[in-house]
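Chain residues, written in single-letter form:
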Amino acid sequence: KDAFTRFTNDVIANTAFGIEVDSLQDRENQFFLMGKGVNDFSSFWKKMKMLFIQICPKLSALLGLTIFEKDLTHFFKNLVKDTIKLREENNIRRSDMLGLLMEARKGRGHEHTDDIKENSFAAVKEHFEMQNTNSISDTDIASQAFIFFLAGYESIARSMCFLVYELAINPDVQNRLYEEITENIPTTGEPTYETILNMTYLDMVVTENLRKWPVAMATDRIVTKPYTIQPELPEEHAVELNVGLQIFIPIYGIHRDPTYYENPEKFDPERFSPENRKNIDPYTYLPFGIGPRNCIASRFALLEMKCVLYYLLLSFEIIPVEKTEIPLQIPKSIFDIMPKNGFPLGLKRR
């Protein structure tokens, strides 16, 4: 978990903020320590404050309550503002998230289209281009970068932990995936974006992992049109959803429901084979949400996880060790889906 968290920290630092850090070597660098603070929800009072803000947003705003400490938010805000100033003064251009948002603000809507057409940040750029570009402030850009960091730091690291755990206890899946990877090693250079994207079994494995261990336990939406959920059983009553009501959608529960997935506790990538995928109702697979408010960086997250697996399995076989829990024990009292004893696993050099 620590290794993956350091990796995702460095990826976000580079692709969102344009900063080069190596947290596996420089283990106490400021960017990593600040990111660790942002994603630390172990405090009971921080959990309660987050719950209160979610339940009473207007009162929380009136009281000036925030989830994150001021020194953390000031760090990221000043970091973005200083980077923007440096780039503008020295005419530095990068195709990272910060650079794309700066281009959108300047109205460079269609420059370098070929460079970003497959870029996972293209949706962010398009979103800002549809707005009044003159109204995008440094604070707006900092907020978007911060949200991207918050979403892509802990959640992707945790997903990768569950992913390698499933490969360790399902060696048949791991062996088949290794065979596909070795078949797609380029004769020269590194694998391309297309190489990773076109690996069918790799996609099946990652997709099934997000089914069994979704990034978020639930997602929420605000009702915009009145709707009535009709009763299906004699003891049930109709549920009225009024405009403005906040509703929670239990992603974890839906993904583990045998109504939608046969033997849901089993890790089975074949559910998402090209021939079987069409049998899955898209509204029962929600690792990144769905609709216009789905996760804006879903393609980015998928690519990151696939790249990690590609390089990891090329060099190592992932194996269970004496301390590996089979099956994993997830405490019901914790804030998120996380095993109490972490992910003790072994790496066997190939």
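Note that the coordinates shown come from a computational prediction; the quantities given were computed from them, not determined experimentally.

Trainee: Can you explain the overall build of the protein? Please cite residues and give values.
Mentor: Secondary structure assignment for the protein yields 14 helices and 6 strands. The buried share of the protein, taken over its 350 residues, is 41%. Taking all contacts inside the protein whose residues are at least 6 apart in sequence as the whole, residues at least 24 apart take part in 68%.

Trainee: Describe empty space enclosed by the protein, with residues and values.
Mentor: Across all of its chains, the model carries 1 cavity of 30 Å³ or more by this definition. Empty space within the largest cavity amounts to approximately 40 Å³. In terms of residue class, the lining of the largest cavity is built from 5 nonpolar, 2 polar and 1 charged.

Trainee: I'd love a proper account of the packing of aromatic side chains, names of residues and values included.
Mentor: The full count for this structure, using the stated rule, is 9 aromatic pairs. Pairing Phe 162 with Trp 213 gives two aromatic rings, centres 4.3 Å apart and planes at 10°, and the pair type is stacked. Here Phe 162 is found in helix 9 (residues 138-169), whereas its partner Trp 213 is found in the loop between helix 12 (200-212) and strand 1 (219-222), with 51 residues between them in sequence. Here the aromatic residues Phe 17, Phe 31, Phe 75 and Phe 76 are joined through ring pairs into a cluster of three or more. Geometry around Tyr 261 places Arg 211 over its ring, the cationic atom sitting 5.4 Å from the centre. The residue whose ring lies beneath Arg 350 is Tyr 178, and the NZ or CZ to ring-centre distance is 3.7 Å.

Trainee: Explain the UniProt feature "binding site: heme" (unreviewed entry) in the protein to me, and be specific about the residues and the numbers.
Mentor: Listed under "binding site: heme" (unreviewed entry) in the UniProt record, and renumbered for this structure, are Cys 295. With respect to the secondary-structure elements, Cys 295 resides in the loop between helix 13 (251-255) and helix 14 (298-315).

Trainee: Lay out the pattern of salt bridges in plain terms, naming residues and giving numbers.
Mentor: In this structure the tally under the stated criterion is 16 salt bridges. With a closest N to O distance of 2.8 Å, Arg 27 and Asp 2 form a salt bridge. One end of the pair, Arg 27, is in the loop between helix 1 (2-15) and helix 2 (30-38); the other, Asp 2, is in helix 1, and 25 residues separate them in sequence. Overall, Asp 2 belongs to the partly exposed group, its relative accessible area being 37%. The closest approach of N and O atoms between Asp 138 and Arg 105, which form a salt bridge, is 2.6 Å. On the criterion of sequence distance, the pair formed by Asp 138 in helix 9 and Arg 105 in helix 6 (residues 97-106) is long-range, its members being 33 residues apart.

Trainee: Outline the nonpolar core, listing residues and values.
Mentor: Formed by 42 residues in total, the largest nonpolar core has its most connected members in Phe 4, Leu 167, Leu 177, Val 205 and Leu 309. Of all the secondary structure elements, the ones that give two or more residues to this core are helix 9, helix 10 (171-183), helix 12, helix 14 and strand 5 (316-320). Ala 13, Ile 19, Phe 75 and Phe 148 belong to the second largest nonpolar core, which has 31 residues in total.

Trainee: Now, about the layout of surface pockets: what can you tell me, with residues and values included?
Mentor: Volume-wise, the second largest pocket comes out at about 830 Å³. Every residue lining the second largest pocket is counted, 21 residues in all, and those nearest its centre are Arg 221, Ile 229, Leu 241, Ile 247 and Ile 249. Of all the secondary-structure elements, those providing two or more residues to the lining of the second largest pocket are strand 1, strand 2 (227-229) and strand 4 (246-249). Among the elements that line the lining of the second largest pocket, the one with the most residues is strand 1, at 4 residues.

Trainee: How would you explain the side chain of Arg 158 if you had to name every residue and give the values?
Mentor: As for its placement among the helices and strands, Arg 158 is situated in helix 9. The class of Arg 158 is buried, set by a relative accessible area of 7%. Excluding residues within four positions of it along the chain, Arg 158 makes contact with Lys 1, Val 215, Asp 336, Ile 337 and Met 338.

Trainee: I'd like a description of unusual backbone geometry, backed by residues and values.
Mentor: With omega at 0°, the peptide bond leading from Ile 326 into Pro 327 counts as cis. Inspection of the secondary structure assignment puts Pro 327 in the loop between strand 5 and strand 6 (345-349). Positive phi, close to 50°, is recorded for Asn 263, a residue that is not glycine. Residue position: Asn 263 is located in the loop between helix 13 and helix 14.

Trainee: Lay out the packing of helix 10 against helix 12 with the relevant residues and their values.
Mentor: Running from N to C, helix 10 and helix 12 cross one another at 145°; their axes reach a closest spacing of 8 Å. Of the two possible hands of crossing, helix 10 and helix 12 adopt the one that is left-handed. Across the interface between the two elements, Val 173, Arg 176, Leu 177 and Glu 180 of helix 10 pack against Thr 200, Tyr 201, Leu 202 and Val 205 of helix 12.

Trainee: Outline the environment of Asn 78, listing residues and values.
Mentor: Relative to the assigned elements, Asn 78 resides in helix 5 (residues 70-90). Between the C-alpha atom of Asn 78 and that of Ala 142, which follows or precedes it by 64 residues, the distance is 8.4 Å.

Trainee: Let's hear about helix 9: which residues, and what values?
Mentor: Between its first and last C-alpha, helix 9 extends 47 Å over 32 residues, near the 46 Å set by a 1.5 Å rise per residue. In terms of residue burial, helix 9 counts as a mostly covered element, since 23 of its 32 residues are buried.

Reading the values: rules and limits
Residues numbered from 1 in each chain as written. Predicted model: local features only at pLDDT ≥ 70, side-chain atom pairs only at ≥ 80, totals over all residues. Heavy atoms only, no water. Helix = DSSP H or I, 4+ residues; strand = E, 2+ residues; numbered from the N terminus. Buried < 20%, exposed > 50% of the residue type's maximum accessible area, 1.4 Å probe, protein only. Contact = heavy atoms within 4.5 Å. 1 Å grid on protein atoms, 1.4 Å probe; cavity = no way out; pocket = protein on both sides within 12 Å on 5 of 7 lines; lining within 4 Å. Points joined across faces, edges and corners; volume = space filled by probe spheres on them. Nonpolar A, V, L, I, M, F, W, Y, C, P; charged D, E, K, R; others polar. Phe/Tyr/Trp six-rings, centres within 6.5 Å; stacked < 30°, edge-to-face > 60°. Lys NZ or Arg CZ within 6 Å of the ring centre and 35° of its normal. UniProt positions renumbered as here; feature names shortened; annotations may be inferred. Salt bridge = Lys/Arg side-chain N within 4 Å of Asp/Glu carboxyl O. Core = buried A, V, L, I, M, F, W, Y, C linked by side-chain atoms within 4.5 Å. Axes fitted to C-alpha atoms, helices over the stretch in contact; angles between N-to-C directions. Left-handed = near helix turned anticlockwise from the far one by under 90°. Expected span 1.5 Å × (residues − 1).

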